[in-house]
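# Structural features, examined
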Amino acid sequence: MSDISIKIMPTNHKIRVKKGSYLIDVLYEHGFIIPSSCGKRGICGKCLVEIEYTSESNEESVEEKSHLFVNSCQFIIEKDITVYLPQMQIDKQKEIYKYKKPYQIKVETNINPNIQVLKINVEREEIKKSKSYLDYFFNLVAKKNVSIEVLKKIACVKNDVNKSYNLICSNQQIIDIKSEDKFNGIFGIAIDLGTTSIAIELIDLMSGKNVGDISELNPQILYGDDVISRISYAIQSKENIKLMQKSVISGINNLIEQLIEKIGITQNDIYDVVVAGNTTMIHLLLGIDPDSLGEYPFTPTFISSLAIPAKEIGMHTHPEAQMYIYPAIGGFVGGDITAGLLAINAMKQENPFLFVDLGTNGEIVVSKQEHLFATSTAVGPAFEGVRIQCGMRASIGAIERITINSEDIDIKVIGNIEPVGICGSALIDLLAILLRLKIVNTSGRMLLESVNNPNIPEKIRKRVKTNNSDVIFEVFHGKNKKIFLSSRDVRQLQLSCSAIKCGIKLLAKEAAIELQTIKKVYIAGTFGFYLDKKNLKTIGIIPDEINEEKIDFVGNSSLAGAKYALINKNLRSSIEEISRKIKHIDLSTIPEFEEEFAMSTFFPESE
Ligand code: FES
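The structure presented is a predicted model; accordingly, all values stated were derived computationally and were not measured.

### Some words on the overall build of the protein
Looking only at helices and strands, one finds 16 helices and 27 strands in the protein. A compact globule built from 607 residues would reach a C-alpha radius of gyration of about 25 Å, and the protein, at 27 Å, matches this within 12%. Overall, the protein is about 95 × 80 × 45 Å in size when its C-alpha atoms are taken along their principal axes. Counting all 607 residues of the protein, 58% fall into the buried class. Within the protein, residue pairs in contact and separated by at least 24 positions form 66% of the contacts whose partners lie at least 6 positions apart.

### Regarding unusual backbone geometry
Following tyrosine 296, the chain continues into proline 297 via a peptide bond in cis, with omega recorded as 5°. Along the chain, proline 297 turns up in the loop between α8 (279–285) and β14 (306–309). Unlike most non-glycine residues, phenylalanine 298 shows phi in positive territory, near 60°. Mapped onto the elements of the fold, phenylalanine 298 is located in the loop between α8 and β14.

### Points about the packing of helix α12 (residues 487–510) against helix α16 (residues 593–600)
Running from amino to carboxyl end, α12 crosses α16 at an angle of 130°, the nearest separation of the two axes being 8 Å. Viewed along their axes, α12 and α16 adopt a mutual orientation that is oblique. Seen along the crossing, α12 lies across α16 with a hand that is right-handed. From α12, Leu495, Ser498, Ala499, Lys501, Cys502, Lys505 and Leu506 reach across to α16, where they touch Phe593, Glu596, Phe597 and Ser600. Of the residues belonging to the contact of α12 with α16, the class tally is six nonpolar, two polar and three charged.

### Concerning the sheet that holds strand β6 (residues 115–122)
Taken in spatial order, the four strands make up an open sheet running β6-β8-β9-β7, and their pairing is mixed. Only two strands of the sheet have a single neighbouring strand rather than two, namely β6 and β7 (145–146). Inspection of the sheet shows β7 paired to strand β9 (residues 173–179) by two bridges, in the parallel sense. In the strand pairing of β9, valine 146 is matched with isoleucine 174. Strands β6, β7, β8 (163–170) and β9 of the sheet are contacted by helix α4 (residues 133–141), whose axis makes an angle of about 125° with β6. Of the strands in this sheet, β6, β7, β8 and β9 touch helix α5 (residues 148–157), which is tilted by about 40° from β9.

### Notes on the sheet that holds strand β16 (residues 353–357)
Sheet strands pair by backbone hydrogen bonding; their relative direction is either parallel or antiparallel. A sheet is described by the order of its strands in space; here six strands give the open sequence β26-β25-β16-β17-β18-β27, paired in mixed fashion. Each having just a single partner strand, β26 (551–555) and β27 (582–584) make up the two edges of the open sheet. Going across the sheet, the axis of each strand differs from the next one's by a mean of 20°, ignoring polarity. With four bridges joining them, strand β25 (residues 520–524) and β26 adopt parallel strand pairing. Paired with alanine 524 across the two strands is glycine 555, which belongs to β26. Sitting on the sheet, helix α9 (residues 335–343) is in contact with β16, β17 (361–368) and β27, with an inclination near 140° to β16. α12 rests against β16, β17 and β18 (371–378) of the sheet, and its axis sits at about 155° to β18.

### Observations concerning the side chain of serine 72
In this fold, serine 72 is placed in the loop between β4 (62–71) and β5 (81–84). Every residue in contact with serine 72, bar those within four places of it in the chain, is listed here: Tyr22, Leu23, Ile24, Ile34, Cys47 and Val49.

### Considerations on the environment of asparagine 145
Structurally, the position occupied by asparagine 145 is in strand β7. Among all residues touching asparagine 145, those that are not within four sequence positions of it are Phe138, Gln172, Gln173 and Ile174.

### With respect to the pattern of salt bridges
The final tally for this structure, using the stated rule, is 22 salt bridges. Of the charged contacts, one joins aspartate 176 and lysine 178 as a salt bridge, the two residues approaching to 3.9 Å between their closest N and O atoms. Judged by relative accessible area, which is 9%, lysine 178 ranks as buried. A salt bridge links arginine 488 to aspartate 470, with the nearest nitrogen and oxygen atoms 3.6 Å apart. Taken as a pair, arginine 488 in helix α12 and aspartate 470 in strand β23 (residues 470–477) lie far apart in primary sequence, 18 residues in all. On the basis of relative accessible area, arginine 488 is assigned to the exposed category, the value being 52%. For aspartate 470, a relative accessible area of 10% gives the class buried. Taken together, the shared-partner salt bridges connect Lys153, Asp176, Lys178 and Asp269 into one network.

The rules behind these values
Residues numbered from 1 in each chain as written. Predicted model: local features only at pLDDT ≥ 70, side-chain atom pairs only at ≥ 80, totals over all residues. Heavy atoms only, no water. Helix = DSSP H or I, 4+ residues; strand = E, 2+ residues; numbered from the N terminus. Rg over C-alpha atoms; globule rule 2.2 N^0.38 Å. Buried < 20%, exposed > 50% of the residue type's maximum accessible area, 1.4 Å probe, protein only. Contact = heavy atoms within 4.5 Å. Axes fitted to C-alpha atoms, helices over the stretch in contact; angles between N-to-C directions. Parallel < 35°, antiparallel > 145°, perpendicular 65-115°, else oblique. Left-handed = near helix turned anticlockwise from the far one by under 90°. Nonpolar A, V, L, I, M, F, W, Y, C, P; charged D, E, K, R; others polar. Pairing = 2+ DSSP bridges. Salt bridge = Lys/Arg side-chain N within 4 Å of Asp/Glu carboxyl O.

What follows is the structure, encoded as structure tokens:
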């Protein structure tokens, strides 16, 4: 390690770094998550930071401090510098979603995990009747396979008989043997592997109960904030695929370590894993090149379910733990959707329903009798606060709710501190308010003339201003911080809304379903809980034909689905059935797509 040091301001962190390191990588390694939309290619400008360095003035050899804004993904550290980070990075976005309930779904199911435990008393007299110690155990549990590690443990039992042991079995195999004093129970890990975040639940497989949950940003965010950027980064080299695989696995392991430490168990107590995630994330988790997902016809390398040893990818579990990967439906309708459908009991629903996952990639499913139709639509990351000037993810300091009173707006900030940005739920609130007050018109234009509109409370209309020749609505004006929604931001949100609305309409048409006949609308996605049904209708995400009473927010249904597949292994056959039955529709092949999309860009008329 060379003697270069960098100082991070305003936290005053001092870091020793290797000369020649990229600034973005160094910052990330130390927990400062810098946004990146282009996979560190120097195109998006999202990773811009201010640096200070010492330069020498020629004439008198006097040292001077110079300041520069650089794309941290392109900046190679050659000498000591000071980096000034925006407040948002200081707050370590790794805190994302930690305060949130992951989901609100309860599936009535038996506890029937893939792992069984049999408590036995090893009796010397009984062993004498068997041909070997192993035969004695095989007969007890009616199993016929064993690993060398378990054989070694059985060899030790020889010297320690007349004692209680727990035999841990999976399918035809004894996978572990633990004496009573070393037995902590059997546990499984349910994982929702999202593009933006990873959510994990630790499940006690004997009781089926959740004993801990945790979530964090997907560390791959460093390589792009949506699947397309990750695919582009992967396409550049095999090394990049390895890097992204390593980063997501270390992110998962890090979460597992935090959970097991809290509960007081070890990784050897985790015997089963279920992962649900979108198709690209699953490819990258396994180190599979996702290149074919980057070009038409977007055919993935695989979509079927897989059961593979978790240790094969270096996951921190028991060495014999299996990892079940949810089957996907298509390149852009992944296993997270199959998991969500299991969680809402899709196969048992008699009435037509609509399922919408409000992620970066909006997945939509409609049902008609026993038939299911699915599609995906490019929503973009605007609802996650990305590509919005004052947007941020739902972490400490984010404005998460905006409501209106008789005179002005009220804001609610996560952590009750001075706000640093606006997250998705509040962006939807605000857009709905602006549409109702006609500050934004149906074509998405923010009207500067609203400042003179007597129908709008004075304090609110005074918030309509101009900023760099753009019309903005100011939400917060602090000492050092101004938070606003600009006309350009409205445009981003408008595109996201129309992508979903158009997707719902076209999918219903393809499935020959009248939207009025839909009895239930499930809105999935972690930030769903924090949305207002009326506002979803106002901004047009949910078409006019569907009443808001039909909307039900289910939260992270992918994580719920992963959990239930852990608790009851028989549900895995229902999962396979769901994935086989769904018809995948590619919206871009529908002739009316462009026309419908253009029509959907108009916001509904508000009363
Ligand atoms: S320009 Fe640096 S990440 Fe895009």
